[in-house]
Amino acid sequence: MRVLITGATGLVGTKLTKLLQNKNIEINYLTTSKDKVQKSPEFRGFFWDPTAGQIDDTCFEGVDAIFHLAGASIAKKWTSEYKKEIIESRTKTAQLLYKTLQDSNYMVSRFISSSAIGVYPSSLEKLYTEDEKAVDDSFLGEVVERWEAAAWEFEGLDMEVAIVRTGLVLAEEGGALPKMKDPVALNAGTAFGSGKQWQSWIHIEDLAGIYAYVLEMQLTGVYNAVAPNPVTNKELIKHIATQLDKSLWLPNVPAVALKLALGEMATVLLSSQLVSSEKIQNAGYKFRYKNLAKALEDLL
């Protein structure tokens, strides 16, 4: 089997690539840097420039499935220009893949797209499943809605579509964990806002594992990629402190201070999504890291 991955050199893409290679699955990947194009039989790079609408269409040769993981980071200041980049890096890239496939004779069976649990409205009480119809009335809600709409378009090419709504990714060398760990390590860690907001997290190994499982089991539809035991923001910071053998003594960072410092982006830290992992578990996926303590022990 051969798959095509966008965003293959990112945090999740790198982990997924290694996992798939261990399963003897060959990889094609798209990159915007010609310096990153490799041409080994098992790991082939292809250049694309989505902003200019350019793509090497031979990237689809022999490909059975596409993993669409590309997307600009949301952890940068949300200027109006950068907000546009956040959306277009997800949607225009998908549209370029769609149009190129539509205009070619390549037959690809599956499209597996990254997404985010930020689509769910912020709530301290409600448990969200994939059947939820409401969309959060924030910029992140808009991003996910347009992101997923671009993914569903591939059904028009008779492709099976799966969407993986990702929670807070915990990884050793990227994502949110290092940013949360560093203040705690300096005895300056504290919760954000009330600290009561739910953090539906997932270990990077389980996230890569879910993507691979969706491929292997030919799953379709929407799946939440979150561990079975979410925690509050306060509990998350406390677990990090325990793992690092540090104390927490500072008061919580007030929500108003976060909004002044970060603007609209503060919603990333203050929103609360209590999200269910039941659907992917019922599909047969076995989590390696169900509990936060074990996940942090591995990562920290």
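Use the structure listed above.
Cut-offs and rules
- Position labels on residues start from 1 in each chain and follow its written sequence.
- Where totals are concerned, whole chains, interfaces and linings use all residues; where local detail is concerned, this predicted model gives features only for residues with pLDDT of at least 70, and gives and counts side-chain atom pairs only at 80 or more.
- To get the side-chain values, take all heavy atoms of the structure and skip hydrogens and water.
- Numbering of helices and strands runs from the N terminus, with a helix taken as a DSSP run of H or I at least four residues long and a strand as a DSSP run of E at least two residues long.
- With the radius of gyration taken over C-alpha atoms, the globule rule is written as 2.2 Å times the number of residues to the power 0.38.
- Type-normalised accessible area, obtained with a 1.4 Å probe on protein chains alone, sets the label of each residue: buried when under 20%, exposed when over 50%, and partly exposed for intermediate values.
- What makes two residues a contact is simply this: any of their non-hydrogen atoms within 4.5 Å.
- We score Asp and Glu as negative and Lys and Arg as positive, and we do not count His or the chain ends.
- In this description, the location of a charge corresponds to atom NZ of lysine, CZ of arginine, CG of aspartate or CD of glutamate.
- A pair is scored as a salt bridge if a Lys or Arg side-chain nitrogen falls within 4 Å of a carboxyl oxygen belonging to Asp or Glu.
- For every element, the axis is a line fit to its C-alpha atoms; helices are fit only across the contacting stretch, and the angle between N-to-C directions ranges from 0 to 180 degrees.
- Oblique is the label for any angle not covered by the other classes, which are roughly parallel (under 35 degrees), roughly antiparallel (over 145) and roughly perpendicular (65 to 115).
- Helix crossings fall into two classes, left-handed where the near helix is turned counterclockwise from the far one by less than a right angle and right-handed where it is turned clockwise.
- Ten residues, namely Ala, Val, Leu, Ile, Met, Phe, Trp, Tyr, Cys and Pro, are considered nonpolar, four, namely Asp, Glu, Lys and Arg, are considered charged, and the remaining ones, Gly among them, are considered polar.
- Note on aromatic contacts: the rings of Phe and Tyr and the six-membered ring of Trp form a pair at centre separations within 6.5 Å, being stacked when their planes are under 30 degrees apart, edge-to-face when over 60 apart, and tilted otherwise.
- Expected span of a helix, by definition, is 1.5 Å for each gap between consecutive residues, and there is one gap fewer than residues.
- Bend, in this description, refers to the angle at a residue between axes fitted to the seven residues ending there and the seven starting there.
- At least two bridges found by DSSP between two strands is the condition for calling them paired.
- Pairing of N or O atoms within 3.5 Å defines a polar contact, subject to two protein rules: one partner must be a possible hydrogen donor and the other a possible acceptor, and residues neighboring in sequence count only if both atoms are side-chain atoms.

Let us now look at the overall build of the chain. Scanning the chain for helices and strands turns up 10 helices and 15 strands. Whereas a compact globule of 300 residues would reach a radius of gyration of roughly 19 Å, the chain reaches 19 Å, a difference of no more than 12%. When the backbone C-alpha atoms are referred to their principal axes, the chain occupies close to 60 × 40 × 40 Å. The burial tally for the chain puts 50% of its 300 residues in the buried class. Summarising the internal contacts of the chain: among those between residues at least 6 apart in sequence, 76% fall at separations of at least 24. The chain carries 32 positive and 37 negative side-chain charges, and their two centres are separated by 5 Å.

What follows covers the side chain of serine 276. With respect to the helices and strands, serine 276 occurs in the loop between strand S15 (274-275) and helix H9 (278-282). Using a relative accessible area of 9% as the deciding quantity, one classes serine 276 as buried. Beyond its immediate sequence surroundings of up to four residues, serine 276 is in contact with Leu127, Tyr128, Thr129, Glu130, Asn224 and Val226.

What follows covers the pattern of salt bridges. Evaluated as defined, the whole model comprises 8 salt bridges. Between glutamate 132 and lysine 126 there is a salt bridge, and its shortest N-O distance comes to 2.9 Å. In this structure lysine 126 comes out as partly exposed when scored by relative accessible area, which is 39%. Residues arginine 146 and glutamate 142 are paired through a salt bridge, measuring 3.1 Å at the closest nitrogen-oxygen approach. Residue arginine 146 and its partner glutamate 142 are both found in helix H3 (residues 139-152); the two are separated by 4 residues, about one turn of the helix. Arginine 146 gets classed as partly exposed once you look at its relative accessible area, which sits at 43%.

This part covers the packing of helix H2 (residues 80-102) against H3. Relative orientation of the contacting elements H2 and H3 amounts to 15 degrees, with a least axis distance of 8 Å. Relative to H3, the element H2 is oriented roughly parallel. Seen from above, H2 lies across H3 with right-handed handedness. Contacts from Lys83, Ile86, Ile87, Arg90, Thr91 and Ala94 of H2 reach H3 at Phe139, Glu142, Val143, Arg146, Trp147 and Ala150. The class makeup of the residues in the contact of H2 with H3 is 7 nonpolar, 1 polar and 4 charged.

The next point concerns the packing of aromatic side chains. All chains considered together, the criterion is met by 9 aromatic pairs. Note on phenylalanine 67 and tyrosine 211: the rings are 6.0 Å apart at their centroids and 80 degrees apart in plane angle, and the pair reads as edge-to-face. Here phenylalanine 67 is found in strand S6 (residues 65-68), whereas its partner tyrosine 211 is found in helix H5 (residues 204-216), with 144 residues between them in sequence. As far as burial versus exposure is concerned, phenylalanine 67 and tyrosine 211 are alike and both buried. A ring pair is formed by tyrosine 120 and tyrosine 128, whose centres lie 5.0 Å apart and whose planes are at 10 degrees; its orientation type is stacked.

With that settled, the discussion passes to H2. The first and last C-alpha atoms of H2 sit 32 Å apart over 23 residues, in line with the 33 Å expected at 1.5 Å per residue. At glutamate 88, H2 shows its largest bend, some 40 degrees.

A separate point is the pairing of S6. Of the two faces of S6, the one carrying Ala65 and Phe67 and the one carrying Ile66 and His68 are both buried. Two strands pair when backbone bridges link them, and strand S1 (residues 2-6) and S6 are joined in this way by 4 bridges, in the parallel orientation. Among the inter-strand pairings, leucine 4 is bridged to a residue of S6, identified as isoleucine 66. As paired elements, S6 and strand S7 (residues 110-116) share 4 bridges and run parallel to each other. Bridging from a neighbouring strand, alanine 65 pairs with arginine 110 of S7.

A separate point is the pairing of S7. For S7, the tally of buried residues reaches 7 of 7 residues, placing the bulk of the element in the interior. Residues of S7 alternate between two faces, with Arg110, Ile112, Ser114 and Ala116 on one and Phe111, Ser113 and Ser115 on the opposite face, all of them buried.

With that out of the way, let us pick up the packing of helix H6 (residues 233-244) against helix H10 (residues 292-299). Two elements in contact, H6 and H10, have axes separated by 10 Å at closest approach and are oriented at 45 degrees. On the basis of their axis angle, the class for H6 and H10 is oblique. Relative to H10, the crossing made by H6 is right-handed. When H6 is examined against H10, the residues Leu236, His239, Ile240 and Gln243 are found in contact with a partner set consisting of Leu292, Ala293, Leu296 and Glu297. Counted by class, the contact of H6 with H10 contains 5 nonpolar, 2 polar and 1 charged residues.

Take glutamate 130: it is sitting in the loop between strand S8 (127-128) and H3. For glutamate 130, which is buried and forms no salt bridge, the nearest opposite charge comes from lysine 279, at a distance of 5.4 Å. Polar contacts involving the side chain of glutamate 130 include one to the main-chain amide nitrogen of asparagine 224, which spans 2.7 Å. Aside from chain neighbours lying at most four places away, what touches glutamate 130 is Tyr120, Arg165, Val222, Tyr223, Asn224, Ser276 and Lys279.

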